[in-house]
Structure formats: structure tokens, C-alpha cells
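Descriptive structure summary
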Amino acid sequence: MISKLKPTVQRNAVPDDWLITESNTEFLEKHKCPETLADLKESDVVIWVDPLDGTSEYTQGFLERVTVLIGIAINDRAVAGVIHQPYYKAESGDVGRTIWGLKGYGTGGILPVSPPSDRFLVTTTRSHSNVIVQSALDALAPDEVLRVGGAGYKVLQLLEGKAHAYVFASAGCKKWDTCAPEAVLEANGGTLTDMLGRHYRYGKDVRFPNSSGVLGTVAGVSHDDILSKIPDSVKQAMKQD
Ligand SMILES: Nc1ncnc2c1ncn2[C@@H]1O[C@H](COP(=O)(O)O)[C@@H](OP(=O)(O)O)[C@H]1O
Ligand SMILES: [Mg+2]
């Protein structure tokens, strides 16, 4: 699902007590707005919302993999994002957590962990695989493939050090699946592109499908090295879509 809205909230569209209209002055005193974002126009901003990422996981009871994604694109590029995990269970007993990222600034709501240095771990789809998805995975010869649903959840696995790369050579994901995950991952030094190494554009007129797949890598892992191992047959298939 998508919202391609101007960031102006229509006050009569939702009950008053749903709206938080005051900025957090304590936060704003401590943190400066990145200079590149200081003079934005509303028309530069597109917000991509996926209210339930991991639908298939939700229906099958894998609740921790369900996320709510809010991605903020500025002039076509994913710049900021929120990944909310409503069913996350913390050791403290708290349920739910909210992770955010702003490129050039950093991430919050999670303490990122590096993946192990002695094994190469890849995360991919559980329910949307096919021959091309599998041949990209085979070419990387990972020590382990984690098959889990949800674009948001897979990026959280990268930030939690459970995988080095998110590899999905399929046209199935949409812009609302990747805008927030891309921004959060890149705010933490990672990279998220299509299977040819190109960043997706998230402006208001783009097509919804991410036709050329998804490749995400965590900070410290060479995106280019992984790209160079993806077979030409996979790249060709991704180009044609
Ligand atoms: N072949 C396909 N057909 C439809 N949707 C697909 C798809 N492949 C991936 N997606 C969508 O991309 C997101 C991540 O996929 P996956 O969970 O397989 O990794 C999911 O979002 P939703 O769960 O929000 O629908 C899923 O529906
Ligand atoms: Mg989704």
C-alpha cells in the first residue's frame, strides 16, 4: 500500500488525538538538522508507507517478521525511514520497537551489530523464490541462507549482524517495501540497490515495482564484490523486467 502525500496532514481527516503537531524541542536542541535538508520544499518530499510488510508471515504466525515501514524520499532518493516492529519481544518484556535512520546522521532504536567475520550469511525471501532468485544465491556460495519474509525484517537482520547481505533477484518488491529499509540501512553505512548496483528512485511518478531486484549489504561488506559475483544471466533477467 502507498501514500504519495504532501507532508501536510489534513487535520479534519483524522481525530485530533492521533496527531502530534509539536516538535520535540529537547531533541531539536541537541541535534542539528543536516544542512542538505534545511531548505526543503514540500514538493521535494514523497513518503512511502507499507502498513504491513511481511503479509505472508503475518498470516502464518511469524509475527516478529511483520513491520510497518515509513520511507521518506527527497528528490527521488530514499533519505530517511522508520521500521516499526509491533510484535518484537525485548528481553525486558517490552513488546514492539521502532528503528529509524536518517542518511548522513545515523540510526536509532537499535544498536547495530557486525555479522560474524568467519562465515558468509545471506538473507532472502521465504515465500517468493524462483529459479533466478536461487541462481543468484548459488553464485554467492553462502555458508547459510536465511529464508524469512518481509523487506523490513531482512534489513533488521542485517543490522542485527545475522546476515551480511539481503539478496532477492526478483521483480516482486515495490517501492514501499524498500524506501524505508534502504534509508535505515544506508544511514548505518550499508548499501541497498537493485541487482545491477543502481539505487532505486522514489519520486512521485516512478513505477511501483522494483523490477530489477534488491541487493542490500551491511556496513563493512563490499557491495561491489557481491555485485561482481552475480551471474550475467541474473543481471540480464533483471534488466529485461
Ligand atoms: N513475487 C512477488 N509477488 C508479490 N509480492 C512480492 C513478490 N516478491 C516479493 N513481494 C513483496 O515484497 C515484500 C518482501 O517479500 P518477501 O517477504 O518475500 O521477502 C513483501 O511485501 P508485503 O509482505 O508487504 O506484501 C512481498 O509481498
Ligand atoms: Mg511489503
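Everything quoted here is computed from the prediction, not taken from an experiment. Every residue gets a number counted from 1 within its own chain, in the order that chain's sequence is written. Ligands are numbered from 1 and chains lettered from A, in the order in which they are written. Note on the predicted model: pLDDT of at least 70 is required for a residue's local features to be given, and 80 or more for side-chain atom pairs to be given and counted; whole-chain, interface and lining totals, by contrast, use all residues.

Moving on to the UniProt feature "binding site: Mg(2+)" (unreviewed entry) in the protein chain. As annotated in UniProt, the feature "binding site: Mg(2+)" (unreviewed entry) corresponds to Glu 22, Asp 50, Leu 52, Asp 53 and Asp 177 in the numbering used here. For this annotated set, covering 156 residues, the C-alpha atoms extend up to 28.7 Å from each other, a dispersed arrangement in space. Its place among the elements puts Asp 50 in strand E1 (residues 45–53). Any residue with 12 or fewer other C-beta atoms within 10 Å of its own C-beta is exposed, any with 20 or more is buried, and the rest are partly exposed; the C-beta atoms used are placed from the backbone. We classify Asp 53 as buried; it has 30 C-beta atoms within 10 Å. Each residue gets a C-beta atom placed from its backbone, and two residues are in contact if those atoms lie within 7 Å. Sequence-distant contacts of Asp 53, that is, excluding residues within four places in its chain, are made with Thr 67, Leu 69, Gly 150, Ala 151, Gly 152 and Asp 177. UniProt positions are given in the numbering used here, feature names are shortened, and annotations may be inferred rather than shown by experiment. Each helix corresponds to a stretch of at least 4 residues labelled H or I by DSSP, and each strand to a stretch of at least 2 residues labelled E; elements are numbered beginning at the N terminus.

Taking strand neighbours across the sheet as the criterion, the five strands line up as E7-E6-E8-E10-E9 in an open arrangement whose pairing is mixed. Two strands bound the open sheet, and with one partner strand each, they are strand E7 (144–147) and strand E9 (191–193). Looking at each pair of strands side by side, their axes are set apart by 20 degrees on average, direction ignored. Across two bridges, strand E6 (residues 121–124) lies against strand E8 (residues 165–168) in parallel orientation. If you follow Val 122 over to E8, its bridge partner there is Ala 165. Paired strands, in this sense, are two strands between which DSSP finds at least two bridges. Inter-axis angles, ranging from 0 to 180 degrees, are taken between N-to-C directions of lines fitted to C-alpha atoms, where helices are fitted over the stretch in contact.

Looking now at the nonpolar core. Membership of the largest hydrophobic core comes to 52 residues, with the highest contact counts inside it found for Val 155, Val 167, Ala 183 and Val 184. Excluding its chain neighbours within four sequence positions, the residues that come into contact with Val 155 are Ile 83, Tyr 166, Pro 181, Val 184, Leu 185 and Gly 216. For our purposes the nonpolar core covers buried Ala, Val, Leu, Ile, Met, Phe, Trp, Tyr and Cys residues that link as a set through C-beta atoms within 7 Å.

As a further point, take unusual backbone geometry. Look at Asn 75: it is not a glycine, yet its phi comes out positive at around 45 degrees. Looking at the element boundaries, Asn 75 is found in the loop between strand E2 (67–74) and strand E3 (77–89). Exposure remark for Asn 75: the 15 C-beta atoms within 10 Å place this residue in the partly exposed category. Even without glycine at this site, Ala 141 takes up a positive phi of about 45 degrees. Counting through the fold element by element, Ala 141 comes out in the loop between helix H3 (131–140) and E7. Judged by C-beta crowding, with 9 C-beta atoms within 10 Å, Ala 141 ranks as exposed.

The complete set of buried residues in H3 reads Ile 132, Ala 136 and Leu 137. The arc that holds every buried residue of H3, seen down its axis, measures 140 degrees, which confines them to one face. Exposed side chains of H3 directed beyond 90 degrees from the buried face belong to Val 131 and Asp 138. Taking the helix axis as origin, the arc is that swept by the directions to the C-beta atoms.

Moving on: helix H4 (residues 151–159). Counting buried positions over the nine residues of H4 gives nine, a clear majority of the element. Ala 151, Gly 152, Tyr 153, Lys 154, Val 155, Leu 156, Gln 157, Leu 158 and Leu 159 are the residues of H4 that are buried. Remark: Gly 161 follows H4 within two positions and exhibits a positive phi of approximately 75 degrees.

With that out of the way, let us pick up the site of ligand 1. Neighbouring ligand 1 are 16 residues, the closest being Thr 55, Thr 125, His 128, Gly 149 and Gly 172. Put simply, the parts of the chain that give the shell around ligand 1 at least two residues each are E1 and helix H2 (55–59). Per element, the largest residue contribution to the shell around ligand 1 is three residues, and it comes from E1. Of the residues contributing to the shell around ligand 1, the split by class is three nonpolar, ten polar and three charged. Defining nearness, a residue is near a molecule or strand when the C-beta atom obtained from its backbone falls within 6 Å of it. Under the scheme applied here, ten amino acids are nonpolar (Ala, Val, Leu, Ile, Met, Phe, Trp, Tyr, Cys and Pro), four are charged (Asp, Glu, Lys and Arg), and all others, including Gly, are polar.

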